[in-house]
Amino acid sequence: MSPMNQELLDQAAEWTRAADRIAVLTGAGVSAESGVPTFRASDGLWEGHRIEEVATPFGFAENPELVWNFYKLRRANLRKVRPNPGHHALAKLESEWDGRFTLITQNVDGLHRAAGNANLLELHGNIRRTRCPNCGDLRDQGLTELPALPECQLCGSMIRPDIVWFGEMLDPEVWTSAEEAADQCDLFFVVGTSAVVYPAAGLISLAKSNSQRAKVIEVNMTETEASRQADIGLYGPSGEVLPALCERLGLTLNLVNPD
Ligand code: BV8
Ligand code: ZN
């Protein structure tokens, strides 16, 4: 870690130690060191398709097989993927700030839950779950291989991933809880997100302008849309920066991944 970061890391540790309520917003970058590709590192294309075309209800209506393929490939990749030290550091922080720590994620990969975070808000759903648009059946399918066009076990209709696509509303309960966490925190971390997707990215300014005048700490490889709102920017891989922060706080990480 660069010497400049050491000083900033000390400041971040001081703010964390003093924090009463912590909220964290994560994006794809926190899973990058686990081997999960981010969205916009490449040219934002998947098999030549723009994500914003594939991850939409219109794309699904147009070509359900293509969209199911997009998710089945990602589900298959996740079978060999484990939480990285960045995920474990966030689980450790939650256990230390028990009841005063909320993890809000845009990720659908389930790795925060696998690392042990429980007070977790999955804004964009979860790739392990499917939903039936006809009868509403919600099912945790794990990461098992699914048929080309999976059918509802209750009513036989074609089911979809339980994921929030572009142009779709977020689950109102999940979103309200995320807004409350950002509004009530006095320390807000933004980790591994390009902060371009709304309404998730709006949580940063919500925290920044809340009555506690929350401090904002960004953890990323590079500057992002969030950087101008961050009081501190810790630039480096979250799998190194977050464990280094825990070390400053005297917290030892449990890096064992339950298989
Ligand atoms: C909605 C599920 C109301 C899919 C996802 C024009 C302007 C502004 C907004 C809009 C607009 N047009 C439309 C909108 C709204 C739209 C939106 O925000 N579009 C964006 C693209 C402009 N939002 C919506 O549609 C939302 N719904 O608005 O509802 C509504 C209703 C009806 C009609 C209109 C409005 C729904 C958004 C949810 C979309 N679904 N995911 C799937 O995953 O398959 S979003 C998708 O992007 C993922 O969830 C992902 O998490 C998310 C954000 O991306 P990031 O996580 O930030 O990933 P990214 O690759 O971008 O960045 C990675 C970062 O990590 C980088 O900064 C990199 O530097 C860093 N990094 C890399 N390695 C590391 C690292 N950092 C640390 N350590 C490392 N090792
Ligand atoms: Zn059904």
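Residues numbered from 1 in each chain as written. Chains lettered and ligands numbered in written order. Predicted model: local features only at pLDDT ≥ 70, side-chain atom pairs only at ≥ 80, totals over all residues. Heavy atoms only, no water.

Regarding its fold elements, the chain presents ten helices and eleven strands. Relative to the 2.2 N^0.38 estimate, which gives 18 Å for 259 residues, the radius of gyration of the chain is 18 Å and therefore close to what a compact globule would have. Structurally, the chain occupies a C-alpha span of about 55 × 35 × 35 Å along its principal axes. Classification of the 259 residues of the chain by burial places 49% in the buried group. Considering only contacts in the chain between residues 6 or more positions apart, those separated by 24 or more positions represent 69%. Total accessible area on the chain stands at roughly 12200 Å², and carbon and sulfur atoms take up 51% of it. When the 23 positive and 35 negative side-chain charges of the chain are each reduced to one mean point, those points stand 2 Å apart. (Helix = DSSP H or I, 4+ residues; strand = E, 2+ residues; numbered from the N terminus. Rg over C-alpha atoms; globule rule 2.2 N^0.38 Å. Buried < 20%, exposed > 50% of the residue type's maximum accessible area, 1.4 Å probe, protein only. Contact = heavy atoms within 4.5 Å. Areas by Shrake-Rupley, 256 points an atom, 1.4 Å probe, with all protein chains shown as cover. Lys, Arg positive; Asp, Glu negative; His and termini not counted. Charge placed at Lys NZ, Arg CZ, Asp CG, Glu CD.)

Among the 36 residues in the neighbourhood of ligand 1, the closest are listed as R40, R74, G167, T193 and S194. A28 places a polar main-chain atom, nitrogen or oxygen, 2.7 Å from an oxygen atom of ligand 1. Q106 has a polar backbone atom sitting 2.9 Å from an oxygen atom of ligand 1. Bound to the protein, ligand 1 loses 74% of the 1500 Å² it would expose on its own. Sort the elements by how many residues they give to the shell around ligand 1 and helix 5 (residues 64–78) lands first, with three residues. Residue classes in the shell around ligand 1 are distributed as 17 nonpolar, 14 polar and five charged. (Near = heavy atom within 4 Å. Polar contact = N/O pair within 3.5 Å; in protein donor to acceptor, adjacent residues only side chain to side chain. Nonpolar A, V, L, I, M, F, W, Y, C, P; charged D, E, K, R; others polar.)

Two orientations exist for strands paired in a sheet by backbone hydrogen bonds: parallel and antiparallel. Here we have six strands laid out as an open sheet, ordered 5-4-1-9-10-11, and parallel in their pairing. Only two strands of the sheet have a single neighbouring strand rather than two, namely strand 5 (120–122) and strand 11 (232–235). Here the strands of the sheet are splayed against their neighbours by 15 degrees on average, with no regard to which way each runs. Pairing of strand 10 (residues 215–220) with strand 11, which is carried by four bridges, proceeds in the parallel orientation. For I217, the partnering residue across the bridge sits in strand 11 and is I232. Packing of helix 8 (residues 172–184) onto the sheet brings it into contact with strand 1 (22–26), strand 4 (101–105), strand 5 and strand 9 (187–191), and relative to strand 5 it is tilted by some 130 degrees. (Pairing = 2+ DSSP bridges. Axes fitted to C-alpha atoms, helices over the stretch in contact; angles between N-to-C directions.)

Another aspect to go through is the environment of V36. Tracing the chain through its elements places V36 in the loop between helix 2 (29–32) and strand 2 (45–46). With a relative accessible area of 15%, V36 lands in the buried category. Along the chain, V36 and K80 lie 44 residues apart, while their C-alpha atoms are 10.0 Å from each other. If we ignore the near neighbours within four places in the chain, the residues touching V36 are S31, N77, L78, V81, D109 and L111.

Now for the packing of aromatic side chains. This structure, assessed with the given rule, holds three aromatic pairs. On the numbers, 5.1 Å between centres and 45 degrees between planes, the contact of F60 with W165 is tilted. One end of the pair, F60, is in helix 4 (residues 57–62); the other, W165, is in the loop between strand 8 (160–163) and helix 8, with 105 residues separating them in the sequence. Aromatic pair Y71 and W165: ring centres 6.3 Å apart, planes at 40 degrees, arrangement tilted. With Y71 in helix 5 and W165 in the loop between strand 8 and helix 8, the pair connects residues that are 94 residues apart, well separated along the chain. Here the aromatic cluster, defined as three or more aromatic residues joined through ring pairs, consists of F60, F70, Y71 and W165. Across from the ring centre of W165, 3.9 Å away, lies the NZ or CZ of R160, which sits over that ring. Taking NZ or CZ as reference, K215 lies 5.0 Å from the ring centre of W15, over its face. (Phe/Tyr/Trp six-rings, centres within 6.5 Å; stacked < 30°, edge-to-face > 60°. Lys NZ or Arg CZ within 6 Å of the ring centre and 35° of its normal.)

Treat this as a map of the structure, not an account of what it does.
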